[in-house]
Amino acid sequence: MIKLHPPKLSNKTIKNVNKVLRSNWLSTSGKNISRLEVKLSKIHNVKYCCATINGTSALDLAIKSIKTDDNEEIITTGLSWISTVNALLYNNISPIFLNVSKDLNLNLDDLEKFIQNETYVKNKTLFNKKTNKKIIAVLFVNLYGKTLDIHRIKKIIKASKAKVYLIEDAAESLGAKYSGTKKTAGSLADISCLSFNANKIITSSCGGALLTNDTKIYKFSSHKANQCKKKNFYNDGVGYNYKITNLNATILLSELQYLNKKIKKKKNIIEKYSTFFKKNEKVKLLNYDKDGTNNWLINVKIVSKKKITKKIISYLEKNNIEARPIFIPFTELKYLKKYQKYRTKNLKNIVENCISLPSGTELKTKEIKKVSNSIINFVNEKIKN
Ligand SMILES: Cc1ncc(COP(=O)(O)O)c(C=O)c1O
């Protein structure tokens, strides 16, 4: 089976894990945790890093660190992995869902329109005209590893003349560059969150991190993540068991050495897919970017009047190829229906007939060819419009 995105750990990492297993430093203390935090700060050129047990807990800490009461709102995308929105709901923050562009990322024209037309500012605070609630942040996602034009987002927020935090869910974009820049994703928002879940470009089986230049946010987050521990057996608030373990930190530290190599491989893979699909008008590569600003899952949209997602996935499965549909938009999930949506009418259509293709760093050229040919065969045989 050609898998979607299998993890690949190096032999050196396995040796390092053996060493740490023998050392017995397996819990949330151990030197590799702070080493990892220094390394992630350096990679992203930010002052602080709090390494967490997963990306979801990093997002939860990000929201906890900026909320001031329960009646607040955050503008976010209508399409992402579920953790993005759940982090808001854990904190009684209401999401305002915006539409996505063709590349599946937050639509920045809509962000601009929403802030210009649907909000007002009082005492440098942004309020939602519809609910009169405070909007404390914009939470954007580098979905499927594809980055956005961060400078444009910052400009839009600045133009509002209100204090609005910029939070980046960079769970899927480790090592990518912001669109149109040479800056590493995760480095320019007020708070950025990473994930090292098993299907990501670099994994420690589970793991995450919160990145920031803000001393207050960092101190708050690392204290909360460490059970609000003041000193041994003395805790001064409701804390969380959110720190990464020394075992996971060891895996990550070792694997991060291969990040640049893996990014190069990714670039190669997406370029090959692009060449194979070049002449086919019914297969559109969604998050292809010559600058290499996407580095996780490679997606295509099949141009068809009919809904063919299930059919193509099972066709590929019969050919021993694992593919999967795009996330279901938040606006389609029952438990999220009550939250405000803005211009999201065609979100379902944007996502329709989009699938994620095998994109792992170890993918061979002949495998990319097989996947591409299978898709082209499906399109030629089954799509008549
Ligand atoms: C966009 C996005 N946000 C957040 C997360 C949460 O990360 P974790 O699974 O490490 O909790 C993930 C993925 O796994 C993700 O893809």
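Quick caveat, the model's predicted, so the values are computed rather than measured.

**Some details on the domain arrangement of the protein chain**
Here is step 1 of the chain: Its domain assignment divides the protein chain into domain 1 (11–258) and domain 2 (259–382).
Here is step 2 of the chain: Taking only C-alpha atoms, the centre of domain 1 and the centre of domain 2 are 25 Å apart.
Here is step 3 of the chain: Tallying the contact residues gives 50 residues for domain 1 and 39 residues for domain 2.
Here is step 4 of the chain: Between domain 1 and domain 2 lies a buried interface of about 3700 Å² when both sides are counted; carbon and sulfur atoms form 62% of it.
Here is step 5 of the chain: The three residues of domain 1 that bury the most area against domain 2 are Phe97, Tyr144 and Ile201, which together make up 23% of that side's buried surface.
Here is step 6 of the chain: Between the two partners, domain 1 and domain 2, sit two salt bridges.
Here is step 7 of the chain: Between Arg343 and Asp110 there is a salt bridge; the shortest N-O distance is 2.8 Å.
Here is step 8 of the chain: Counting across the interface, domain 1 meets domain 2 through 16 residue pairs in polar contact (both at pLDDT 80 or more).
Here is step 9 of the chain: Those elements that place two or more of their residues in the side of domain 1 that touches domain 2 are helix H4 (83–90), strand E3 (94–98) and helix H5 (108–118).

**Regarding the nonpolar core**
Here is step 1 of the chain: Tyr273, Phe277, Ile302, Ile312 and Ile375 are the most contacted members of the largest nonpolar core, which totals 27 residues.
Here is step 2 of the chain: Taken together, the elements giving at least two residues each to this core come down to helix H9 (259–277), strand E12 (283–285), strand E13 (298–302), helix H10 (309–318), strand E16 (354–357) and helix H12 (365–382).
Here is step 3 of the chain: Leave out the neighbours within four places in its chain, and Tyr273 touches Leu285, Ile298, Leu357, Pro358, Leu363, Ile368, Val371 and Ser372.
Here is step 4 of the chain: Ile75, Ile115, Leu188 and Tyr342 belong to the second-largest nonpolar core, a separate cluster that totals 26 residues.

**Concerning the packing of H9 against H12**
Here is step 1 of the chain: Contact pair H9 / H12: the axes reach a minimum separation of 10 Å and the direction vectors enclose 35°. In this structure, the crossing between H9 and H12 has a hand that is right-handed. Here H9 contributes Ile269, Lys272, Tyr273, Phe276 and Phe277 to the contact with H12, which in turn contributes Thr365, Ile368, Lys369, Val371, Ser372, Ile375 and Ile376.

**Here's the deal with the packing of H10 against H12**
Helix-helix packing is described using two parameters, namely the angle between the two axes and the distance between the axes.
Here is step 1 of the chain: Across the interface, H10 lies against H12 with an axial gap of 10 Å and an inter-helix angle of 130°. The orientation of H10 with respect to H12, classified from their angle, is oblique. Between H10 and H12 lies a crossing whose hand is right-handed. Taking contact as the criterion, the partners of Lys311, Ile312, Tyr315 and Leu316 in H10 are, on H12, Ser374, Ile375, Asn377, Phe378, Glu381 and Lys382.

**Remarks on the sheet that holds E16**
Here is step 1 of the chain: An order of E12-E13-E16-E14 is seen for the four strands of this open sheet, with the pairing classed as antiparallel. At either margin of the open sheet sits one strand with a lone partner, and together these are E12 and strand E14 (324–325).
Here is step 2 of the chain: In this structure, E14 lies alongside E16, joined through two bridges in antiparallel fashion. Its bridge partner being in E16, Arg324 is matched across the sheet by Ser356.
Here is step 3 of the chain: Sitting on the sheet, H9 is in contact with E12, E13 and E16, with an inclination near 155° to E12.

**Some details on unusual backbone geometry**
Most of the time, phi is negative for any residue but glycine, and the peptide bond is trans.
Here is step 1 of the chain: Unusually for a residue other than glycine, Asn45 sits at a positive phi of about 50°.
Here is step 2 of the chain: Relative to the helices and strands, Asn45 is located in the loop between helix H2 (31–44) and strand E1 (48–52).
Here is step 3 of the chain: In the Ramachandran plot, Arg343 falls in the positive-phi region, its phi being about 50° despite a non-glycine side chain.
Here is step 4 of the chain: Mapped onto the elements, Arg343 comes out in the loop between strand E15 (340–342) and helix H11 (347–351).
Here is step 5 of the chain: The partly exposed category is assigned to Arg343, whose relative accessible area is 46%.

**Focus: the site of the ligand**
Here is step 1 of the chain: Around the ligand sit 16 residues, and of these Gly55, Thr56, Asp169, Glu172 and Ser195 come closest.
Here is step 2 of the chain: When the ligand sits alone it has 380 Å² of accessible area, and the protein chains cover 93% of it.
Here is step 3 of the chain: If you list the elements that add at least two residues to the shell around the ligand, you get helix H3 (55–66) and H4.
Here is step 4 of the chain: It is H3 that contributes the most residues to the shell around the ligand, three residues altogether.

**Quick notes on the packing of aromatic side chains**
Here is step 1 of the chain: Enumeration according to the criterion identifies ten aromatic pairs in this entry.
Here is step 2 of the chain: Plain terms: the ring middles of Phe114 and Tyr342 are 5.0 Å apart, the flat faces sit at 75° to each other, and that makes the pair edge-to-face. Within this pair, whereas Phe114 is found in helix H5, its partner Tyr342 is found in strand E15, the two being separated by 228 residues in sequence. For the pair Phe114 and Tyr342, a shared accessibility class is recorded, and that class is buried.
Here is step 3 of the chain: Positioned over the ring face of Tyr234 is Lys231, at 5.9 Å from the centre of the ring.

**A few points about the pattern of salt bridges**
Here is step 1 of the chain: On inspection of all chains with the given rule, the structure shows 13 salt bridges.
Here is step 2 of the chain: Here Glu37 makes a salt bridge to Lys243, at a shortest N to O gap of 2.5 Å. In this pair, Glu37 is assigned in helix H2 and Lys243 in the loop between strand E11 (234–235) and helix H8 (246–255), connecting sequence segments 206 residues apart. Accessibility assignment for this pair places Glu37 and Lys243 in one class, buried.
Here is step 3 of the chain: Measuring nitrogen to oxygen at the nearest pair gives 2.7 Å for the salt bridge that ties Asp70 to Lys67.
Here is step 4 of the chain: Residue Asp70 is classed as partly exposed on the basis of its relative accessible area of 43%.
Here is step 5 of the chain: Residue classification places Lys67 among the partly exposed positions, given a relative accessible area of 23%.
Here is step 6 of the chain: Each of Asp69, Glu72 and Lys134 takes part in salt bridges that share partners, so that together they form one network.

Calculation notes
Residues numbered from 1 in each chain as written. Predicted model: local features only at pLDDT ≥ 70, side-chain atom pairs only at ≥ 80, totals over all residues. Heavy atoms only, no water. Domains from an automatic or database assignment. Contact = heavy atoms within 4.5 Å. Buried area = accessible area lost by both parts, 1.4 Å probe. Salt bridge = Lys/Arg side-chain N within 4 Å of Asp/Glu carboxyl O. Polar contact = N/O pair within 3.5 Å; in protein donor to acceptor, adjacent residues only side chain to side chain. Helix = DSSP H or I, 4+ residues; strand = E, 2+ residues; numbered from the N terminus. Core = buried A, V, L, I, M, F, W, Y, C linked by side-chain atoms within 4.5 Å. Buried < 20%, exposed > 50% of the residue type's maximum accessible area, 1.4 Å probe, protein only. Axes fitted to C-alpha atoms, helices over the stretch in contact; angles between N-to-C directions. Left-handed = near helix turned anticlockwise from the far one by under 90°. Parallel < 35°, antiparallel > 145°, perpendicular 65-115°, else oblique. Pairing = 2+ DSSP bridges. Near = heavy atom within 4 Å. Areas by Shrake-Rupley, 256 points an atom, 1.4 Å probe, with all protein chains shown as cover. Phe/Tyr/Trp six-rings, centres within 6.5 Å; stacked < 30°, edge-to-face > 60°. Lys NZ or Arg CZ within 6 Å of the ring centre and 35° of its normal.

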